[in-house]
Amino acid sequence: MNDGTGRVDLSFTVEEAQRTVRVPPGVTVFDAASWNGIAIDSTCGGHGTCHKCKVRVEGSTPITRHDLKTFTRDQLDEGWRLACLVNATRDLAVDVPPLTTRPKAATVGVGRQVILRPAIQKRYVELDEPTLADQRTDLDRLLAAIDDLEPVADLHVLRRLPTVLRAADFKVTAVIVDEALVDVEPGDTTTAQYAIAFDLGTTTVVATLLDVATGTPVAVASMLNRQQPFGGDVITRISATMMDPDALGRLQVAASESLSTLAIQVCTEGGVDPAHVYEVAIAGNATMTALLLGIDPEPLGVAPFIMSSPQPPDVLASEIGLSLHPRARATLFPALGAYVGGDIVAGMLASGMDRDKRTRLFIDVGTNCEIVLSDGDRILSTAAPAGPAFEGGAIRCGMRAADGAIEVVKMGDSDNPVELGVIGDVEPKGLCGSGLVDAVAELVKVGLLDASGRYVPEEVAKEVAPALADRLTMIGQERVFVLHRPSPGAEPEDCVVLSQRDVRELQFAKAAISTGWSLLLEELGLEHRDVQQVLLAGSFGSYLSAASAVRIGLVPKLPVLRIVAAGNVAGEGAKMALLSVRERAGARALLEEVTYVELSDRPEFNDRFVDQLGF
């Protein structure tokens, strides 16, 4: 049974190309692939009913009744299974057959099925050449042949139309995006219909190239946001624009370069001509969106925290530095408030917060923690200032989730009192956010941290955890716990440690978050036990141990199976907006359906915050 701890590696092989992804245990192979842009055929959304998501898994895995209906005994013995029914409880190697069909539905996000209805459409036509008896204009001739749509041509098309028609012997493909005829291309190019979904994060930017004709991901790539030199969080970047009048321009260029670099990368990896990318969708918080568009972000950083507009306008992709089709459009997600931005709206869209009748709590854990609560009828949202602890900031040995970062900590076995999971399986260099939460939770569990978050005295430590007591030591005047010694005689200063100050930083962060969701529960007249599902969103939330989050009070005290790692739901929402105009309209409708709750003006916030500090 999954107890909410640990990670597993899945190695996918698709047409001889290999890719390894790391996911929490218990995630299905199908969901793990979907989150990471690996296309597995399906039309039912991963519910085991369409029997299309066939993969071959190396090693012994349970056989379900659906597998028995789908495969022969020989195939089952060879490891063939339905991907949506294989739970990743250990490291697995998975062979994925190439897609052989063009599915009418594409599954994206966390269990959401999207009916494929993109804004991008192509029509191949073979036109009669003009004669003295038929002197219709080139545009009239073309539009008459597209009898199921009524697009409006822009100047780019009118400039190209005469030359392209005659060079192609009047056999051309019309490119339509929404109501606009954006291009006419020689020959039949109907199979080349692409778009890029961006998650423009404060720390990391992710791009997914989509084939909108089939609804499948083609390539995915990520990189650190090039705005990092201006600060690790939105407040420092806003401050940079307030102190230096030239900073806004430089931040805008850095954001554009991040998107452009990733666009080139996914097109190269996917073997796609950038000129065949006709649309992009961008999910980012309010500050990232403002900086990308060159809008002064100062009002977002000072009370009363005002946005210039909740719905950014659609712009040409070229206006934000992307070299794609000349008329490619960029659509940006709307925001609910200065600190509940388009990335959260995209996440709500992907997770179906407005469609599910269960009581669900959505938490995107980061420097600024966004929280959404739905009871099936009403939806509330808020933001809590968690601080940089989860990103490794303000932590003595803190670091980003990169090779050498401790991401899993387990304690208690006398033969192996501290067991560490390290990214990259290399010598530990520091502690990332999930490792920080694990370490504190384990220290609380074994009794080395008391309910107030203070390390217990030495004599108590020897009594409650004799195998661990020698790891409690001092660096200067501060008590620390040694997680890893590079050598047996290493000084504490040279070790990876968790300091008393680190524990306090985590306490402040978790208290801000738990105060946020507690106040939202009260607003809807609910109690902790009423929550039927908690979605932990974002990169950090995906790797956070559910058991540890419950133990320290970061999330309501619930069975860990009710706590779900939702993955990169912001990116998934961006994909959905590109694959379905109906879903895009749904994102805009959320502005009317969600009530934003400002915590900073609540008189009870400070008292409640203090109450939530303890473990």
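Counting starts from 1 at the beginning of each chain's written sequence and moves along it residue by residue. Reporting of local features is limited, given that this is a predicted model, to residues whose pLDDT is at least 70; pairs of side-chain atoms are given and counted only at 80 or more, and all residues count toward the totals for whole chains, interfaces and linings. Excluded from the side-chain calculation are hydrogens and water; included are all heavy atoms of the structure.

Caption draft 1: Region of the structure containing the overall build of the protein chain. Each helix is a run of DSSP H or I of at least 4 residues and each strand a run of E of at least 2, with the numbering of both proceeding from the N terminus. Counting secondary structure elements, the protein chain contains 18 helices and 29 strands. Here the C-alpha radius of gyration of the protein chain, 26 Å, is about what a compact globule of 615 residues would show, namely 25 Å. In terms of its C-alpha atoms, the protein chain occupies a principal-axis envelope of roughly 105 × 70 × 50 Å. In this scheme, a residue with accessible area under 20% of its type's maximum is buried, one over 50% is exposed, and one in between is partly exposed, where area comes from a 1.4 Å probe on protein chains only. Taking all 615 residues of the protein chain together, 57% fall into the buried category. Atoms considered for the radius of gyration are the C-alpha atoms alone. The globule rule reads 2.2 Å times the number of residues to the power 0.38.

Caption draft 2: Fine view of the sheet that holds strand 18 (residues 360-364). Two strands form a pair only when DSSP identifies at least two bridges running between them. Read across the open sheet, the six strands follow the order 28-27-18-19-20-29; overall the sheet is mixed. Looking at the sheet topology across the chains shown, the edges are occupied by strand 28 (563-567) and strand 29 (594-596). Ignoring which end each strand starts from, the neighbouring axes of this sheet average 25° apart. As paired strands, strand 20 (residues 379-385) and strand 29 are joined by three bridges and run parallel to one another. Counterpart to Ile379 in the pairing with strand 29 is Val594. Simply put, an axis is a line fit to the C-alpha atoms, just over the touching stretch for a helix, and the angle between two N-to-C directions goes from 0 to 180 degrees.

Caption draft 3: Quick look at the sheet that holds strand 22 (residues 418-422). Across the sheet, which stays open at both edges, the three strands sit in the order 22-21-23 with mixed pairing between neighbours. In this open sheet, the two strands that pair with only one neighbour each are strand 22 and strand 23 (430-431). Inspection of the sheet shows strand 21 (residues 405-411) paired to strand 22 by five bridges, in the antiparallel sense. In the sheet register, Val408 faces strand 22, and the bridge partner there is Gly421.

Caption draft 4: Layout of a nonpolar patch on the surface. A cluster of nonpolar side chains, namely Met242, Met243 and Val302, defines an oily patch on the protein surface of about 310 Å² accessible area. By the element assignment, Met242 lies in helix 6 (residues 234-243). Classification of Met242 by relative accessible area gives partly exposed; the value is 41%. Every patch collects residues that have over 30% relative accessible area and no salt bridge, joining them within 9 Å if they carry like charges and within 5 Å if they are nonpolar side chains (Val, Leu, Ile, Met, Phe, Trp, Tyr). The method behind every accessible area is Shrake-Rupley, applied with a 1.4 Å probe, and residues are considered shielded solely by the protein chains displayed. Salt bridges, as used here, are contacts in which a Lys or Arg side-chain nitrogen is within 4 Å of a carboxyl oxygen on Asp or Glu.

Caption draft 5: Representation of the environment of Val422 within the structure. Looking at the secondary structure, you find Val422 in strand 22. Since its relative accessible area comes to 9%, Val422 is described here as buried. As a C-alpha pair, Val422 and Ile406 span 16 residues in sequence and 4.4 Å in three-dimensional space. Only heavy atoms matter for contacts: two residues are in contact if any of them lie within 4.5 Å across the pair. Setting aside residues up to four positions removed in sequence, Val422 forms contacts with Arg22, Gly404, Ala405, Ile406 and Pro428.

Caption draft 6: Up close: the packing of aromatic side chains. The aromatic pairing rule takes the rings of Phe, Tyr and Trp, using the six-membered ring of Trp, and pairs them if the centres are within 6.5 Å, calling planes under 30 degrees apart stacked, those over 60 edge-to-face and the rest tilted. Under the criterion given, the structure shown has four aromatic pairs. Centre to centre, the rings of Phe71 and Trp80 are 6.4 Å apart; their planes meet at 35°, and the pair counts as tilted. Classification of Phe71 as buried rests on a relative accessible area of 7%. Feature note: the residues Phe508, Phe605 and Phe609 constitute an aromatic cluster, connected by ring pairs.

Caption draft 7: View of the pattern of salt bridges. This structure, assessed with the given rule, holds 29 salt bridges. The salt bridge partner of Glu523 is Arg602, with a shortest N-O separation of 3.0 Å. With a gap of 79 residues between them, Glu523 in helix 13 (residues 500-523) and Arg602 in the loop between strand 29 and helix 18 (605-611) connect regions that are remote in the sequence. For Glu523, a relative accessible area of 36% puts it in the partly exposed group. The exposure class assigned to Arg602 is partly exposed, which follows from its relative accessible area of 22%. Ionic contacts of the salt-bridge type, sharing partners, join the residues Asp178, Glu279, Asp314, Arg329 and Arg584 into one network.

Caption draft 8: Inspection of the pairing of strand 1 (residues 8-14) at higher detail. Counting buried positions over the seven residues of strand 1 gives five, a clear majority of the element. The antiparallel pairing of strand 1 with strand 2 (residues 17-23) creates a hairpin that spans two residues between the two strands, and Glu15 there sits at a positive phi of about 50°. The pairing of strand 1 with strand 5 (residues 92-96) spans five bridges and is classified as parallel. Pairing of Thr13 across the sheet is with Asp95, part of strand 5.

Caption draft 9: Broad picture of the packing of helix 7 (residues 247-270) against helix 8 (residues 286-293). The interhelical angle for the contact between helix 7 and helix 8, taken along N-to-C directions, is 100°, at an axis separation of 7 Å. The angle between the axes of helix 7 and helix 8 places the two elements in the roughly perpendicular class. Taken together, the residues of helix 8 that come into contact with helix 7 (itself represented by Leu248, Leu251, Gln252, Ala255, Ser256 and Leu259) are Leu291, Leu292 and Leu293. Residue type decides the class: Asp, Glu, Lys and Arg count as charged, Ala, Val, Leu, Ile, Met, Phe, Trp, Tyr, Cys and Pro as nonpolar, and the leftover types, Gly among them, as polar. Classifying every residue of the contact of helix 7 with helix 8 by side-chain character gives seven nonpolar, two polar and no charged. Angle categories are assigned with fixed cut-offs, so that under 35 degrees is roughly parallel, over 145 is roughly antiparallel, 65 to 115 is roughly perpendicular, and the rest are oblique.

Caption draft 10: Expanded view of the nonpolar core. By size, the foremost hydrophobic cluster in this structure holds 82 residues, and its most contacted members are Ile196, Phe198, Ile282 and Met348. With residues near it in sequence (within four places) discarded, Phe198 still touches Val206, Ala207, Leu259, Leu262, Ala263, Val280, Ala281, Ile282, Ala283, Leu322 and Ala574. The nonpolar core is taken to be a set of buried Ala, Val, Leu, Ile, Met, Phe, Trp, Tyr and Cys residues, with the residues joined through side-chain atoms within 4.5 Å. Of all hydrophobic cores here, the second largest spans 75 residues; its members include Tyr455, Ala461, Val480 and Phe605.

Caption draft 11: Layout of the state of the cysteines. Two cysteine sulfur atoms make up a disulfide if the distance between them is within 2.5 Å. Going through the model one piece at a time under the given rule, you end up with zero disulfides. This cysteine, Cys397, is not joined by any disulfide, and Cys495 carries the nearest cysteine sulfur, 8.7 Å off. Here Cys432 is not cross-linked by a disulfide; its sulfur's nearest cysteine counterpart is in Cys397, at 13 Å. Classification of Cys432 by relative accessible area gives buried; the value is 4%.

Caption draft 12: Examining the packing of helix 6 against helix 7 more closely. Contact geometry for helix 6 and helix 7: axes closest at 7 Å, N-to-C directions at 135°. If you check the angle between helix 6 and helix 7, you find them oblique. Judged by residue contacts, Arg237, Ala240 and Thr241 of helix 6 engage Ala247, Leu248 and Leu251 from helix 7.

Caption draft 13: Quick look at helix 10 (residues 342-351). Burial analysis of helix 10 places 10 of its 10 residues in the buried class, which makes it a mostly covered element. Turning to helix 10, its buried residues number three or more, namely Gly342, Asp343, Ile344, Val345, Ala346, Gly347, Met348, Leu349, Ala350 and Ser351. One or two positions beyond helix 10, positive phi appears at Gly352, with a value near 65°.

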